[in-house]
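For reference, the chains in residue letters:
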Amino acid sequence: MLLYLLDLFGVAVFAVSGAIVAARKRFDLLGIAVIATVTAIGGGTIRDVLLNRHPVFWIKDPAYLAVILGAATLTVVYMVFRKPPQVWLLIADALGLALFTISGAQVAEDQHLPGVIVVVMGTITGSAGGLLRDVLGAEVPLVLRQTDLYATAAIAGATTYLVLQAVGVDRTPAALTGMVTVVGLRLAAIFWKLRLPVVFAPDDEVRKPDPPS
Amino acid sequence: MLLYLLDLFGVAVFAVSGAIVAARKRFDLLGIAVIATVTAIGGGTIRDVLLNRHPVFWIKDPAYLAVILGAATLTVVYMVFRKPPQVWLLIADALGLALFTISGAQVAEDQHLPGVIVVVMGTITGSAGGLLRDVLGAEVPLVLRQTDLYATAAIAGATTYLVLQAVGVDRTPAALTGMVTVVGLRLAAIFWKLRLPVVFAPDDEVRKPDPPS
Amino acid sequence: MLLYLLDLFGVAVFAVSGAIVAARKRFDLLGIAVIATVTAIGGGTIRDVLLNRHPVFWIKDPAYLAVILGAATLTVVYMVFRKPPQVWLLIADALGLALFTISGAQVAEDQHLPGVIVVVMGTITGSAGGLLRDVLGAEVPLVLRQTDLYATAAIAGATTYLVLQAVGVDRTPAALTGMVTVVGLRLAAIFWKLRLPVVFAPDDEVRKPDPPS
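Residues numbered from 1 in each chain as written. Chains lettered and ligands numbered in written order. Predicted model: local features only at pLDDT ≥ 70, side-chain atom pairs only at ≥ 80, totals over all residues. Heavy atoms only, no water.

Chemist: Honestly, the overall build of chain A in this entry has me stumped. Any pointers?
Modeler: Secondary structure assignment for chain A yields nine helices and zero strands. Secondary structure of chain A in N-to-C order comes out as α-α-α-α-α-α-α-α-α. Restricting to contacts in chain A with at least 6 residues of sequence separation, those with at least 24 account for 72%. Only carbon and sulfur atoms are counted for the fraction: they give 70% of the accessible area of chain A, which is about 9,000 Å². (Helix = DSSP H or I, 4+ residues; strand = E, 2+ residues; numbered from the N terminus. Contact = heavy atoms within 4.5 Å. Areas by Shrake-Rupley, 256 points an atom, 1.4 Å probe, with all protein chains shown as cover.)

Chemist: Even after reading the chapter, I still don't get a nonpolar patch on the surface, so can you show me in this structure?
Modeler: Residues and elements named next belong to chain A. There is a patch of nonpolar side chains on the surface, built from Val77, Val80 and Phe81 and spanning about 330 Å² of accessible area. Position of valine 80 relative to the elements: it lies in helix α4 (residues 63–81). Classification of valine 80 by relative accessible area gives exposed; the value is 54%. (Patch = residues over 30% accessible without salt bridge, like charges linked within 9 Å, V, L, I, M, F, W, Y side chains within 5 Å. Salt bridge = Lys/Arg side-chain N within 4 Å of Asp/Glu carboxyl O. Buried < 20%, exposed > 50% of the residue type's maximum accessible area, 1.4 Å probe, protein only.)

Chemist: Explain unusual backbone geometry here, please?
Modeler: Peptide bonds are mostly trans, and most non-glycine residues show a negative phi. Residue and element names in this part refer to chain A. The step from histidine 54 to proline 55 runs through a cis peptide bond, and the omega angle for that step is -5°. Note that proline 55 resides in the loop between α2 (29–50) and α3 (57–60). Non-glycine residue asparagine 52 carries a positive phi angle of around 60°. With respect to the helices, strands and loops of the structure, asparagine 52 is situated in the loop between α2 and α3. Judged by relative accessible area, which is 32%, asparagine 52 ranks as partly exposed.

Chemist: What is the right way to read the environment of Ala92(A) from this model?
Modeler: Residues and elements named next belong to chain A. Turning to its location among the elements, alanine 92 is positioned in helix α5 (residues 86–110). Using a relative accessible area of 19% as the deciding quantity, one classes alanine 92 as buried. Along the backbone, alanine 92 and glycine 10 are 82 residues apart, and their C-alpha atoms lie at a distance of 8.4 Å.

Chemist: Looking at this structure, how should I read the packing of aromatic side chains?
Modeler: Residue and element names in this part refer to chain A. In total, this model carries nine aromatic pairs over all chains according to the counting rule given. Geometrically, the ring pair formed by tyrosine 4 and tyrosine 64 is edge-to-face, given 6.1 Å between the ring centres and 85° between the ring planes. Of this pair, tyrosine 4 sits in helix α1 (residues 2–24) while tyrosine 64 sits in helix α4, placing them 60 residues apart in sequence. These aromatic residues form a ring-pair network of at least three members: Tyr4, Phe57 and Tyr64. It is arginine 47 that lies over the ring of phenylalanine 57; its NZ or CZ is 5.7 Å from the centre. (Phe/Tyr/Trp six-rings, centres within 6.5 Å; stacked < 30°, edge-to-face > 60°. Lys NZ or Arg CZ within 6 Å of the ring centre and 35° of its normal.)

Chemist: Please explain helix α6 (residues 115–136) of chain C as it appears in this structure.
Modeler: The α-helix winds at 3.6 residues per turn, so residues separated by three or four positions along the chain end up facing the same way. Residues and elements named next belong to chain C. With 22 residues, α6 extends 31 Å between its outermost C-alpha atoms, agreeing within 8% with the 32 Å of an ideal straight helix rising 1.5 Å per residue. Helix geometry: α6 is bent most strongly at serine 127, by close to 45°. Of all 22 residues making up α6, 18 are buried, and the element is well covered by its neighbours. (Expected span 1.5 Å × (residues − 1). Bend = angle between axes of the 7 residues up to and from the residue.)

Chemist: I would appreciate a short explanation of the packing of helix α5 (residues 86–110) of chain C against helix α7 (residues 150–166) of chain C in the present structure.
Modeler: How two helices sit against one another is set out by the angle between their axes and by the gap between those axes. Residues and elements named next belong to chain C. Contact pair α5 / α7: the axes reach a minimum separation of 10 Å and the direction vectors enclose 45°. Our classification of the angle between α5 and α7 gives oblique. Our pair here, α5 against α7, has a crossing hand that is right-handed. Side by side, α5 and α7 meet where Asp93, Leu97, Thr101, Ile102, Ala105, Gln106 and Glu109 of the first sit next to Tyr150, Ala153, Ala154, Gly157, Ala158, Tyr161, Leu162 and Gln165 of the second. When grouped by side-chain class, the residues that make up the contact of α5 with α7 number nine nonpolar, four polar and two charged. (Axes fitted to C-alpha atoms, helices over the stretch in contact; angles between N-to-C directions. Parallel < 35°, antiparallel > 145°, perpendicular 65-115°, else oblique. Left-handed = near helix turned anticlockwise from the far one by under 90°. Nonpolar A, V, L, I, M, F, W, Y, C, P; charged D, E, K, R; others polar.)

Chemist: I'm lost on the nonpolar core in this one. Help?
Modeler: In a soluble, globular protein the nonpolar side chains are often hidden away together inside. Within the largest apolar cluster, 186 residues are counted, with the highest numbers of intra-cluster contacts made by Trp58(A), Ile59(A), Trp58(B), Ile59(B), Trp58(C) and Ile59(C). Among residues more than four places away in sequence, those in contact with Ile59(B) are Leu50(C), Leu51(C), Leu113(C), Ile117(C) and Met121(C). (Core = buried A, V, L, I, M, F, W, Y, C linked by side-chain atoms within 4.5 Å.)

Chemist: What is the right way to read the packing of helix α2 (residues 29–50) of chain B against helix α6 (residues 115–136) of chain B from this model?
Modeler: Residue and element names in this part refer to chain B. Two numbers describe how α2 lies on α6: the axes approach to 7 Å, and their chain directions differ by 140°. By the criterion of interaxial angle, the relationship of α2 to α6 is oblique. The way α2 lies across α6 gives a crossing that is right-handed. From α2, Ile35, Val38, Thr39, Gly42, Gly43, Gly44, Ile46, Arg47 and Leu50 reach across to α6, where they touch Met121, Ile124, Thr125, Ala128, Gly129, Gly130, Leu132, Arg133 and Leu136. Split into classes, the residues belonging to the contact of α2 with α6 amount to nine nonpolar, seven polar and two charged.

Chemist: I tried to follow the environment of Ala189(A) on my own but got confused; where do I start?
Modeler: Residue and element names in this part refer to chain A. For alanine 189, the location among the structural elements is in helix α8 (residues 171–191). Using a relative accessible area of 1% as the deciding quantity, one classes alanine 189 as buried. Sequence-wise, alanine 189 and tyrosine 150 are 39 residues apart; in three dimensions their C-alpha atoms are separated by 8.8 Å.

Chemist: How should the pattern of salt bridges be read in this particular structure?
Modeler: All names here are of chain A. This structure, assessed with the given rule, holds twelve salt bridges over all chains. Here arginine 171 ties to glutamate 109 by a salt bridge, and the two come within 3.0 Å at their closest N and O atoms. Placement of the pair is arginine 171 in helix α8 and glutamate 109 in helix α5, with a sequence separation of 62 residues. With a relative accessible area of 19%, glutamate 109 lands in the buried category.

Chemist: Looking at this structure, I do not really get the side chain of Thr101(A). What am I missing?
Modeler: All names here are of chain A. Among the structural elements, threonine 101 can be located in helix α5. Its relative accessible area of 0% is what places threonine 101 among the buried residues. Of the polar contacts made by the side chain of threonine 101, one reaches the backbone oxygen of leucine 97; its length is 2.7 Å. Setting aside its immediate chain neighbours within four residues, threonine 101 contacts Gly122, Gly126, Ala154 and Ala158. (Polar contact = N/O pair within 3.5 Å; in protein donor to acceptor, adjacent residues only side chain to side chain.)

Chemist: Just to check I follow, could you spell out the environment of Leu3(C) for this structure?
Modeler: Residues and elements named next belong to chain C. Looking at where leucine 3 falls in the secondary structure, it is placed in helix α1 (residues 2–24). Look at leucine 3 and you get partly exposed, because its relative accessible area is 48%. On a C-alpha basis, the gap between leucine 3 and phenylalanine 81 in space is 33 Å, while along the polypeptide they are 78 residues apart.

Chemist: Whenever I open this one, the side chain of Asp7(A) confuses me. Can you help?
Modeler: Among the structural elements, Asp7(A) can be located in helix α1. Apart from the residues lying within four places of it in its own chain, the contact partners of Asp7(A) are Tyr64(A), Phe100(A) and Ser103(A).

Here it is as structure tokens:
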């Protein structure tokens with residue numbers, strides 16, 4: 001029950017982030033609803049299709065779609081009056097990433113898949129929604145750029161979760177520690193500018209500076 | 001039988017629209033065939049995969065691929081000689097959207113899924129092909145922009161179809177009315193500039209005017 | 001056993017090409033790993049999902065992911081010191097395309113699907129990974145542009161493979177000839193500038209010259 005509520009909370013948070021991005025791109029009201037939905041359910045949908053889990057979670061339980069529409073509507077109403085508070089959004093987004101990464105990893109674990117697949121499924125569940133959001137907005141996905149540590153945080157959190165269990169920690173504290181790892185890395189990336197190294201291909205193409213984006 | 005012919009007609013129309021877009025992007029002949037195919041079968045394929053309907057419709061019945069290749073070939077031959085008639089294309093495209101939206105909704109209905117899922121599946125079936133076409137062309141999907149009412153028309157049409165049935169209308173007239181709703185909204189958007197509201201995020205980013213596109 | 005090794009070789013080659021593209025886009029280390037993985041397994045994953053083959057090949061056998069990570073790591077280490085040899089990469093990439101196209105066609109053939117579906121599945125298996133790589137990098141997919149003959153080579157190779165079998169050639173020599181066709185067309189496109197025709201839509205839009213890209 002708690003897990004289900006946390007899952008709905010993660011869906012709501014991602015719907016808010018999708019709605020804000022779509023509004024900035026000047027999509028219309030239903031375009032905003034579409035982007036909010038894709039951001040919120042994209043990762044879990046790809047996970048379910050890859051693992052052959054049918055019906056897909058939001059087809060089985062339409063409460064997810066109701067939560068998304070509610071969250072997107074509130075976001076739109078809020079944005080009519082005020083600028084969305086960027087910092088709180090980033091923190092909520094980090095929580096959503098953490099929740100989805102660990103719940104995605106647990107789904108793969110319950111199917112007795114090898115550890116590397118568990119990490120991959122957690123990462124897909126956590127980050128594919130944001131990736132689809134950026135692709136639909138025709139942007140280079142933030143998920144993959146150096147400024148974000150997005151996929152990185154998911155991979156690290158899912159790995160932490162698995163390693164702790166392997167050394168004998170129970171599932172619940174391992175899951176909580178995994179989530180804290182995700183949130184911690186994301187916030188460190190955002191507030192203390194923690195970065196992974198970038199490799200420059202020694203090429204003409206990279207000698208041109210990127211335009212600031 | 002009539003439904004099947006209408007379905008093939010929808011596939012042909014979307015193949016034409018994909019071929020025109022691909023030719024404008026200067027894709028080569030097989031690139032045009034690929035884009036025409038993705039546009040025509042993308043929505044139905046995603047619907048079938050999400051609903052676990054196997055084999056996917058065009059794998060089960062290769063007539064769809066034959067129709068797509070025929071339509072794309074005729075389009076290419078036509079474009080060598082003349083500018084494609086934009087208005088007729090838009091009308092045909094609205095018809096294709098209407099056909100696919102209602103047939104997608106009916107597929108979900110036949111699986112006894114809740115109403116909101118029926119609307120979502122109709123919308124996906126109708127509009128995902130055009131969305132994939134735009135993503136492959138690295139454009140912000142027209143489906144989502146305010147100038148289009150594309151997803152909006154699909155959502156409204158599928159909802160009309162469901163509401164009419166809920167108040168006792170038979171399936172066939174409900175389907176026809178749903179299709180008329182889709183076509184009407186699309187053409188109103190195109191010819192009378194009907195628009196859904198756009199929310200401006202109160203942000204620096206949106207103070208810059210969009211380049212005309 | 002040989003086929004399996006060839007398959008792993010194809011995965012490694014595509015991982016290298018994904019890693020180079022991602023490094024040029026200045027993705028961070030895990031972004032490079034993500035793009036390398038998507039490039040290497042994207043085509044086969046879409047094939048497996050469309051054909052309802054579960055578990056998907058890399059979920060069933062994590063050796064694929066290990067090979068990808070190894071290949072991406074070696075690529076990154078190499079790029080720190082030297083410019084990657086473009087010519088050898090293109091040749092290896094053509095080999096990977098050839099291997100994946102024919103192995104994808106064989107999977108569809110083993111399911112007794114009609115010839116056109118076999119060709120489509122070979123083409124998807126061979127080229128969808130590179131297409132996803134370009135979409136994630138927010139580029140117009142090279143796969144579809146005239147400078148590449150990428151999908152074209154896959155379609156031609158898979159067709160050759162089928163036609164040879166239809167006229168009585170055994171499966172193995174037909175497969176080898178199909179692969180040679182793919183590699184030959186790709187290299188002819190690269191080194192002798194072989195091109196398919198481009199159709200110009202007789203439109204204002206195409207009178208503007210494309211920016212060099």
